[in-house]
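# Report on the structure
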Amino acid sequence: MKANKLLGAVLMGAAFSASVAALEPQTGKALYEANCAVCHQFDGGGVPFMQPELFGSKRANAPKGAVIDIILFGSAAEGAGQSGFTNEMPGFDFLTNKEIALIATYVRTNFENNGGAVVADDVQPRRK
Amino acid sequence: MNSKIFGVSVLTLVLVGCSAPEEAQEAAHQEATEEATVAPAPLVGVADDAAVDAVTGISLPSGFKATVFADDIGSARHLTAASNGWVYAALFRPKDGMGAVALYDPDGDGVADERQYFAAGMQGTGMGVYDGHLYYSTDTEVMRWPLPEGGAPVGDAVVIAQGFNEETQHASKNIAFDGAGNLYVNVGAPSNASMTEMRTKGSPGMRPCPILEQYGGTWRFDASKPGQDQMKDGYHYATGIRNGMSMAWNTHADSLYVAMHGRDQLASFFPDMFTNEQSAELPSEEFHKVSDGSDLGWPYSYFDHSKGTRMVMPEYGGDGNMVSDEGQMPLVGFPGHWAPNGMMFLKGDAMPAQYRKGAYIAFHGSWNRAPQPQQGYRVVYVPLDDAGNVSGDWVTFANGFAGPDPVMSPRDAVHRPLGLAEGPDGAIYIGSLASGGRVWKVTYEGE
């Protein structure tokens, strides 16, 4: 009886999590739109002279660490003012390894990029 | 109304004070009567849905005509049209290693056939003519050459103001001149809302804001004295200005005017207080009359044109509804993120009376309205009276630069208006840094 109740509670909890997940899917696209699109734009087009476009991005098509680092540390990853764009980018190290991996994968496989997928285990070693 | 009465009184005084022949007196009297009875043409501007001209790609109010004065000149920032007939444009990025260009239209068909590049190894924004000199600014210096008889200036420029820190954000040092030998330099704040941590959600604002000591304001210099340092020699004229790239001296009211860029990202940092729709419209882009000691409020407050009041910046405890008493009230609050990047007051009388004494403001267009469509890519006209007070609703003077609506992403904007200048013949020049860079020449041809 008690075990059944507990199981029910666990199941309900699981169902609740699932419904929240359905509302806010933790996809790379959703995470990108929530965290990145305000500056890099929903279409990845950036803003001329201010924020880099992500189309055919050298960084997105480079080895995985390049995109992971810029998400973790922002424009400080390459030295502020070195990019030719006027706005600085803050770091997003408060995101989880999985979230960063999903965003990195989204950027590396969209906007005419073909850098390939990134997984959470790629992110952890690059944290400082 | 008052100015009309004044105009008639002046005419009457002139009539009484001189002994003109009877016919001339009669004609002058008739003119005075006409001036008193004919209402000035209403200021209507150009409608948002007006068709653009097929050749120039822009729309203008009835009676105005444009030509593409110069195309593919490079990323044109501010412009000046000198008494020697040449138009000078600063370039935001060097073109073939040069940071400015001089343009000339020898046959007067509205198209510049000659161009000469100068300012080797530099890039900049500020451009102006004052006291027989051509002024140009990079992000760290304001310099000048003697204005040549024509073409590009020769020799090394003399640096007038320097010592501005090298920054990337809001780093342009645009300039203006009064009638008393002074140079005004905008020193933008390298910050969004003076957060402790740069553009980071949840990071509080710094009070007192240390940025305001050296940035976020207007500094005044002697326009002719070489080698002045911002902090040692410059006079801190006005403060609380996040970025005042749209700045000009109004000779009619003898005062400086600034249109300030409002802060970005209200919804992304404060989603509990602002919807995406509110964050697209707010805060206002603020148009101010700026005097010695003016404080425009940044970073402690912003203007909300839907409420008509200054509000406490959320980084400083605001919640979208808390009213602030910090910062002066603007003359006009424009919709959010339109990016005022150029301003001009006319000195001549080539344009119709209703377009002469107000402020022309070039809005470069937004990037921070997504997911709403981007907006603003236009030149507006704010009518002002002789004292420099707003005398009516602002209108759009030139539009269509960005191409067909909606513009969802700034890179889709074909052109983005920025530099403004008045030629010696009274024509208006409008520059764009996008799509290779372009300058339009606008004249009034009548109905």
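## Observations concerning the overall build of chain A
The helix and strand tally for chain A stands at 7 helices and 0 strands. Secondary structure of chain A in N-to-C order comes out as α-α-α-α-α-α-α. Considering chain A as a whole, with its 128 residues, one finds that 32% of them fall into the buried category. Counting only contacts in chain A whose residues sit at least 6 apart along the sequence, the fraction spanning at least 24 positions is 55%.

## Re the overall build of chain B
Secondary structure assignment for chain B yields 5 helices and 27 strands. Whereas a compact globule of 447 residues would reach a radius of gyration of roughly 22 Å, chain B reaches 22 Å, a difference of no more than 12%. Seen along its three principal axes, the alpha-carbon backbone of chain B occupies a region of about 75 × 50 × 45 Å. For chain B, the residues scored as buried account for 49% of the 447 residues in total.

## Quick word on the interface of chain A and chain B
Counting residues at the interface gives 18 residues for chain A, matched by 18 residues for chain B. For the side of chain A that touches chain B, a count of residues per class yields 9 nonpolar, 6 polar and 3 charged.

## Section: the environment of Gly423 of chain B
Residues and elements named next belong to chain B. The topology assignment puts Gly423 in the loop between β25 (417-422) and β26 (428-432). Of the residues examined, Gly423 has 23 C-beta atoms within 10 Å and is grouped as buried. When the C-alpha atoms of Gly423 and Tyr300 are compared, they prove to be 39 Å apart, with 123 residues separating the residues in sequence. Leave out the neighbours within four places in its chain, and Gly423 touches Ala81 and Tyr429.

## Points about the pairing of strand β16 (residues 255-260) of chain B
Residues and elements named next belong to chain B. Across the 6 residues of β16, 5 count as buried, placing the element largely inside the fold. Judged from the 5 bridges that link them, strand β15 (residues 246-250) and β16 form a sheet pairing that is antiparallel. Following the sheet pairing, Asn250 is matched in β16 by Ser255. What sits between the antiparallel neighbours β15 and β16 is a turn of 4 residues, in which Asp254 has the positive phi angle 50 degrees. Pairing geometry for β16 and strand β17 (residues 285-290), over 5 bridges, is antiparallel. Looking at β17, one finds that Leu256 is bridged to Val290.

## Some details on the domain arrangement of chain B
Split by domain assignment, chain B resolves into domain 1 (1-39) and domain 2 (45-444). The gap between the C-alpha centroids of domain 1 of chain B and domain 2 of chain B is 40 Å.

## Focus: the pairing of strand β11 (residues 182-187) of chain B
Residue and element names in this part refer to chain B. Taking burial as the measure, the 6 residues of β11 include 5 buried ones, the bulk of the element. By the bridge criterion, 3 bridges tie strand β10 (residues 175-177) to β11 in an arrangement that is antiparallel. Residue pairing across strands places Ala176 opposite Tyr184, the latter belonging to β11. Hairpin connection from β10 to β11: 4 residues lie between these consecutive antiparallel strands, with Gly181 at a positive phi of about 85 degrees. One ladder, built from 6 bridges, connects β11 with strand β12 (residues 217-222); its direction is antiparallel. Within β12, the position partnered with Val187 by the bridge is Gly217.

## Comments concerning the packing of helix α5 (residues 65-73) of chain A against helix α6 (residues 97-109) of chain A
Residue and element names in this part refer to chain A. Put simply, α5 and α6 touch, their axes get as near as 10 Å, and they point 125 degrees apart. The orientation of α5 with respect to α6, classified from their angle, is oblique. Crossing hand, α5 versus α6: right-handed. For the pair α5 and α6, the contacting residues are Val67, Ile68, Ile71 and Leu72 in the first and Ile100, Ile103, Ala104, Val107 and Arg108 in the second. Looking at the contact of α5 with α6, its residues break down into 8 nonpolar, no polar and 1 charged.

## Quick word on the sheet that holds β10 of chain B
Sheet strands associate in pairs through backbone hydrogen bonding, adopting either a parallel or an antiparallel arrangement. Residue and element names in this part refer to chain B. Sheet architecture is open: 4 strands sit in the order β10-β11-β12-β14, paired in antiparallel fashion. Each end of this open sheet is capped by a strand with a single partner; those strands are β10 and β14 (235-239). On average, adjacent strands in this sheet sit at an angle of 25 degrees to one another, irrespective of strand direction.

## Observations regarding the nonpolar core
The biggest cluster of nonpolar side chains holds 101 residues, and the ones touching the most others in it are Leu79, Val87, Ala89, Ile361, Tyr429 and Val439 of chain B. Apart from residues no more than four positions distant in its own chain, Val87 of chain B is found in contact with Leu79, Ala81, Leu103, Ala112, Ala421, Tyr429 and Val439 of chain B. In this structure, Ala77, Ala104, Val118 and Val123 of chain A belong to the second largest nonpolar core, which totals 24 residues.

Thresholds, definitions, all that
Residues numbered from 1 in each chain as written. Chains lettered and ligands numbered in written order. Predicted model: local features only at pLDDT ≥ 70, side-chain atom pairs only at ≥ 80, totals over all residues. Helix = DSSP H or I, 4+ residues; strand = E, 2+ residues; numbered from the N terminus. Buried ≥ 20, exposed ≤ 12 C-beta atoms within 10 Å, placed from the backbone. Contact = placed C-beta atoms within 7 Å. Rg over C-alpha atoms; globule rule 2.2 N^0.38 Å. Nonpolar A, V, L, I, M, F, W, Y, C, P; charged D, E, K, R; others polar. Pairing = 2+ DSSP bridges. Domains from an automatic or database assignment. Axes fitted to C-alpha atoms, helices over the stretch in contact; angles between N-to-C directions. Parallel < 35°, antiparallel > 145°, perpendicular 65-115°, else oblique. Left-handed = near helix turned anticlockwise from the far one by under 90°. Core = buried A, V, L, I, M, F, W, Y, C linked by C-beta atoms within 7 Å.

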